[in-house]
Amino acid sequence: TRKIAGRNGGDERGILSFTLRDETATVNVTCWGSVSSIQQMTESFLINDLVKITNCQVLEKPDTEQEKLYNPTTSVNYRLSVRDGLTSAVWSPYSALIPLL
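Here's what I pulled together on the structure shown here. (Residues numbered from 1 in each chain as written. Predicted model: local features only at pLDDT ≥ 70, side-chain atom pairs only at ≥ 80, totals over all residues. Heavy atoms only, no water.)

## Remarks on the state of the cysteines
Quick note on the threshold: We call a pair of cysteine sulfur atoms a disulfide whenever their separation is within 2.5 Å.
Evaluated as defined, the whole model comprises 0 disulfides. Between Cys31, a free cysteine, and Cys56, which holds the nearest cysteine sulfur, the sulfur-to-sulfur gap is 9.7 Å.

Next up, the structure:
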């Protein structure tokens, strides 16, 4: 989790980056929002939790040195952008779904 200054001197914003994986692909995700919403998101899920993201922005992954240096290599050429108030991200602990298996 990182904090950055808001646009035009606005409120401080939070950023959370992570990588999603399923049986076929991996994709990097960047979440943008208020510091409190990003902190809540950080505390809401753990490794191996199931994540459902809707209405996210799908962006082409830039082919830059910065991208290669600071983001994990993924199997796809795009990344997801999750924005506070525009995107729905729901976390489900994997352990809560074990009885369903």
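## Quick notes on the pairing of strand S6 (residues 78-83)
Remark: a regular strand shows side chains that alternate across the two faces of the sheet. Where we set the bar: Only strands that DSSP links by at least two bridges are regarded as paired with each other. Under the scheme used here, helices are H or I runs from DSSP no shorter than 4 residues and strands are E runs no shorter than 2 residues, and both carry numbers assigned from the N terminus.
Strand direction decides the pairing type here: strand S3 (residues 26-34) and S6, joined by 4 bridges, are parallel. Bridged to Thr30 within S6 is Ser81. The pairing of strand S5 (residues 57-60) with S6 spans 4 bridges and is antiparallel. Among the inter-strand pairings, Leu59 is bridged to a residue of S6, identified as Arg79.

## Details of helix H1 (residues 35-44)
Operational definition: With a 1.4 Å probe rolled over the protein chains alone, any residue whose accessible area is under 20% of its type maximum counts as buried; one over 50% counts as exposed, and the rest are partly exposed. Directions are taken from the helix axis to each C-beta atom, and the arc is the one they span.
Listed as buried for H1 are Ser37, Ile38 and Met41. What you see down the axis of H1 is that its buried residues fit within an arc of 100°, all on one side. Of the residues in H1, the exposed ones pointing more than 90 degrees away from the buried face are Ser36, Gln40 and Glu43.

## A short note on the nonpolar core
Put simply, the rule reads: Only buried residues count toward a nonpolar core, which is a set of Ala, Val, Leu, Ile, Met, Phe, Trp, Tyr and Cys residues joined through side-chain atoms within 4.5 Å. The contact criterion used throughout is that any non-hydrogen atoms of two residues lie within 4.5 Å.
If you look at the biggest cluster of nonpolar residues, it comprises 12 residues: Leu16, Phe18, Val27, Val29, Cys31, Ile38, Met41, Phe45, Ile53, Val76, Leu80 and Val82. Broken down by secondary-structure element, the contributors of at least two residues to this core are strand S2 (13-21), S3, H1 and S6. Those residues within four positions of Cys31 in sequence are excluded, and the remaining contacts are Gly14, Ile15, Leu16, Phe18, Ile38, Met41 and Val82.

## Let's talk about the layout of surface pockets
Under the convention used in this document: Residues are said to line a cavity or pocket when one of their atoms sits within 4 Å of a point; the points come from a 1 Å grid over protein atoms alone, cavities being sets where a 1.4 Å probe fits but cannot get out and pockets being open sets with protein on both sides within 12 Å along at least five of seven lines. Grid points are joined across faces, edges and corners, and a volume is the space filled by probe spheres set on the points. Here the nonpolar group is Ala, Val, Leu, Ile, Met, Phe, Trp, Tyr, Cys and Pro; Asp, Glu, Lys and Arg are the charged ones; every other residue, Gly included, is treated as polar.
If you add up the space inside the largest pocket, you get close to 590 Å³. Elements supplying a minimum of two residues to the lining of the largest pocket: S2, S3 and strand S4 (50-54). For the lining of the largest pocket, the leading source of residues is S2, giving 4 residues. Of the residues in the lining of the largest pocket, the class split is 12 nonpolar, 3 polar and 4 charged.

## Topic: the side chain of Glu67
Using the following cut-off: Charge counting follows a simple rule: Lys and Arg are positive, Asp and Glu are negative, and His as well as the terminal groups are ignored. In what follows, salt bridge is the name for a side-chain nitrogen of Lys or Arg lying within 4 Å of a carboxyl oxygen of Asp or Glu.
Note on placement: Glu67 falls in helix H2 (residues 65-70). At 4.7 Å, Arg79 is the nearest oppositely charged side chain to Glu67, a buried residue that forms no salt bridge.

## Some details on unusual backbone geometry
In this structure, Asn55 is a non-glycine residue whose phi angle is positive, near 60°. Relative to the helices and strands, Asn55 is located in the loop between S4 and S5.

## Looking at the environment of Val82
Locating Val82 in the fold gives a position in strand S6. When its relative accessible area of 3% is taken as the criterion, Val82 is described as buried. With 28 residues separating them along the chain, Val82 and Thr54 place their C-alpha atoms 8.8 Å apart.

## A short note on the pattern of salt bridges
Going through the model one piece at a time under the given rule, you end up with 1 salt bridge. The partner of Asp63 in a salt bridge is Lys68, with the nearest N and O atoms 3.3 Å apart. Note on accessibility: Asp63 and Lys68 belong to one class, exposed.

So far we have only geometry, and geometry alone does not tell us how the molecule works.
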